[in-house]
Amino acid sequence: MKKKSNFLVRTITGLCLMLILVPAVYFGGIYYLVLTTILSIVATYELLNMFYTKHSNLKIMRFILPIFSGLSMFSFYYGITNNLGFISFVPIILGIIVVMLFGVLKDGTDASDITSCITSLIYGGLLFACAFSVEYLKPLQEVSNIKFAGKLFAYMYSIVVCTDTFAYCFGMLFGKHKLCPKISPKKSVEGAVAGLVLGALVGTVVGALLEVFPISTLANTTQKVLMIAGVYVISLIISAMGQLGDLVASKLKRSYEIKDYGFIFPGHGGVMDRFDSVIFAGAIFFILMQVIYLFV
C-alpha cells in the first residue's frame, strides 16, 4: 500500500512539474527566466544545506551564495541574447570572491569550507545556468532568428527523460550486472547501455522533427546520413552526461548520508534530485553548441 501511495505522489508531482515546465520552455521569456532563477537559487541552497551538515561554518553562506546563482541565470540570458558572453560569468566570479573573503574573515574556516562553497556555486549556479540557458541559444535551423520556442532545450530534455526511462525499465527486466553498487545499487550496466543507445535514438528523432539540426535542408543522401550520424553522436554524449550527473549527485548524497537534497517536490525530493541529470547533460550540450556555432 505504501509503495502504491508513493508511486501516486510521484506521478502527480511529475505531472504538475510538466504542466509548469512545458509552457515555460515553449513560451520562454520572463516566465521561463523567473522559473529557472528560482530553481537555481533553491538548488544552490540545497547543496549548501547538505555541506552544512558537516561544515557548520557555512550557516550564513547558505543564504548568501544562492543569490549569486540566481543572478547567474539573468546574466546568462542577457549575455547570450545581446552577444555579450563575458557578462554571463560575472555573478559566479563575484560569488567566488565573496567565498574567498568569507574564508579569510570568518574564524575557524578551512579549505574544505571554501571548497564546499565554490562547488555549490559551480554546480548549482554555473552548470545550472549553462544547462537551462540552452533555451536562449538559436537552433542551427534558425541561426538568423533568436526566437525559437525552446527547441534546443526540448531536444536535450527528451534525451535525459528517455535515457532515465529506458535505463530503469531495461534494468528492472534484464539487469544482472551492477553499474556502481556503492553509489546507486539499483542501477545496472544493462540498463545504462539501453538508456544510452535508446535515449540517443529518441533524441535524434526529436532533433530531426523539431528541426534543431538542418537535416531536412540537405539534398544529398550521403550528407543526410552523415548529419544523422553526427546528431546521434551528440545525443549519445548528452545521454552519457545525464547518467553521469545522476551518479555524481547520488555519490554526494551518500557521502553526506542524506536521502534527498530537499523536499520541494513531494515524492521526488528537491531541485537537485529532480534535475541532477539535466544539469550535466545540459551544460555539456551548451558547450557543444557553442563549438558547433563556430563552424556554422
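Residues numbered from 1 in each chain as written. Predicted model: local features only at pLDDT ≥ 70, side-chain atom pairs only at ≥ 80, totals over all residues. Heavy atoms only, no water.

From N to C terminus, the protein includes nine helices and two strands. For the protein, whose C-alpha radius of gyration is 20 Å, the value lies close to the compact-globule estimate of 19 Å for 296 residues. Expressed as a percentage of its 296 residues, the buried residues of the protein come to 46%. Long-range pairs, those at least 24 residues apart, make up 70% of the contacts in the protein with a sequence separation of at least 6. Entry remark: accessible area of the protein is about 15,200 Å², with carbon and sulfur atoms responsible for 72%. Here the protein holds 22 positive side-chain charges and 14 negative ones, and the gap between their average locations is 7 Å. (Helix = DSSP H or I, 4+ residues; strand = E, 2+ residues; numbered from the N terminus. Rg over C-alpha atoms; globule rule 2.2 N^0.38 Å. Buried < 20%, exposed > 50% of the residue type's maximum accessible area, 1.4 Å probe, protein only. Contact = heavy atoms within 4.5 Å. Areas by Shrake-Rupley, 256 points an atom, 1.4 Å probe, with all protein chains shown as cover. Lys, Arg positive; Asp, Glu negative; His and termini not counted. Charge placed at Lys NZ, Arg CZ, Asp CG, Glu CD.)

Position of G270 relative to the elements: it lies in the loop between α8 (221–255) and α9 (271–293). Given a relative accessible area of 0%, G270 falls into the buried group. Here G270 is in contact with E46, G262, F263, I264 and F265, once residues within four sequence places are set aside.

Relative to the helices and strands, V99 is located in helix α4 (residues 90–105). Residue classification places V99 among the buried positions, given a relative accessible area of 0%. V99 has contacts with M61, L65, I114, C117, I118 and L121, leaving out every residue within four places of it along the chain.

Before going further, it helps to spend a moment on the packing of helix α6 (residues 151–174) against α8. For the pair α6 and α8, the least separation of the axes is 9 Å and the interaxial angle reads 60 degrees. Taken together, α6 and α8 sit at an angle that is classed as oblique. Between α6 and α8 lies a crossing of right-handed hand. Across the interface between the two elements, Y155, M156, I159 and T163 of α6 pack against V231, I234, S235, I238, S239 and Q243 of α8. A breakdown of the residues in the contact of α6 with α8 according to their chemical character gives six nonpolar, four polar and no charged. (Axes fitted to C-alpha atoms, helices over the stretch in contact; angles between N-to-C directions. Parallel < 35°, antiparallel > 145°, perpendicular 65-115°, else oblique. Left-handed = near helix turned anticlockwise from the far one by under 90°. Nonpolar A, V, L, I, M, F, W, Y, C, P; charged D, E, K, R; others polar.)

A separate point is the nonpolar core. Membership of the largest hydrophobic core comes to 66 residues, with the highest contact counts inside it found for F132, Y155, F275 and F285. Take this core: its biggest share by element is eleven residues, from α9. For F132, the contacting residues outside a window of four places in its chain are Y32, T36, M73, F153, F275 and V278. (Core = buried A, V, L, I, M, F, W, Y, C linked by side-chain atoms within 4.5 Å.)

Let's shift gears to the pairing of strand β2 (residues 184–188). As defined by bridge partners, strand β1 (residues 178–180) adjoins β2 across two bridges and the pair is classed as antiparallel. Paired with C180 across the strands is S184, a residue of β2. (Pairing = 2+ DSSP bridges.)

Here the focus is the pattern of salt bridges. Counted by the stated rule, this structure contains three salt bridges. The closest approach of N and O atoms between K253 and D273, which form a salt bridge, is 2.9 Å. With K253 in helix α8 and D273 in helix α9, this pair connects stretches of sequence that are 20 residues apart. Like D273, K253 is buried. (Salt bridge = Lys/Arg side-chain N within 4 Å of Asp/Glu carboxyl O.)

With that settled, the discussion passes to the confidence of the model for the protein. Parts of the prediction with low pLDDT should not have their coordinates interpreted in detail. Per-residue confidence for the protein gives a mean pLDDT of 90, with 95% of residues at or over 70. Mean pLDDT across the elements of the protein bottoms out in helix α1 (residues 2–27) (78) and peaks in helix α5 (residues 111–132) (96). (pLDDT = per-residue confidence, 0-100.)

Among the surface-exposed residues, F89, V90, I93, L94, I97, L101, V104 and L105 lie close enough to one another that they form a single nonpolar patch of about 760 Å² accessible area. Among the structural elements, V90 can be located in helix α4. (Patch = residues over 30% accessible without salt bridge, like charges linked within 9 Å, V, L, I, M, F, W, Y side chains within 5 Å.)

Right, let's talk about the side chain of S72 for a bit. Tracing the chain through its elements places S72 in helix α3 (residues 61–81). Those residues in contact with S72, other than ones at most four positions away along the chain, are S88, P91, I92, G125 and A129.

In this section: the state of the cysteines. The full count for this structure, using the stated rule, is zero disulfides. Free cysteine: C169, not disulfide-bonded; nearest cysteine sulfur from C162 at 11 Å. Judged by its relative accessible area of 34%, C169 falls in the partly exposed class. (Disulfide = S-S within 2.5 Å.)

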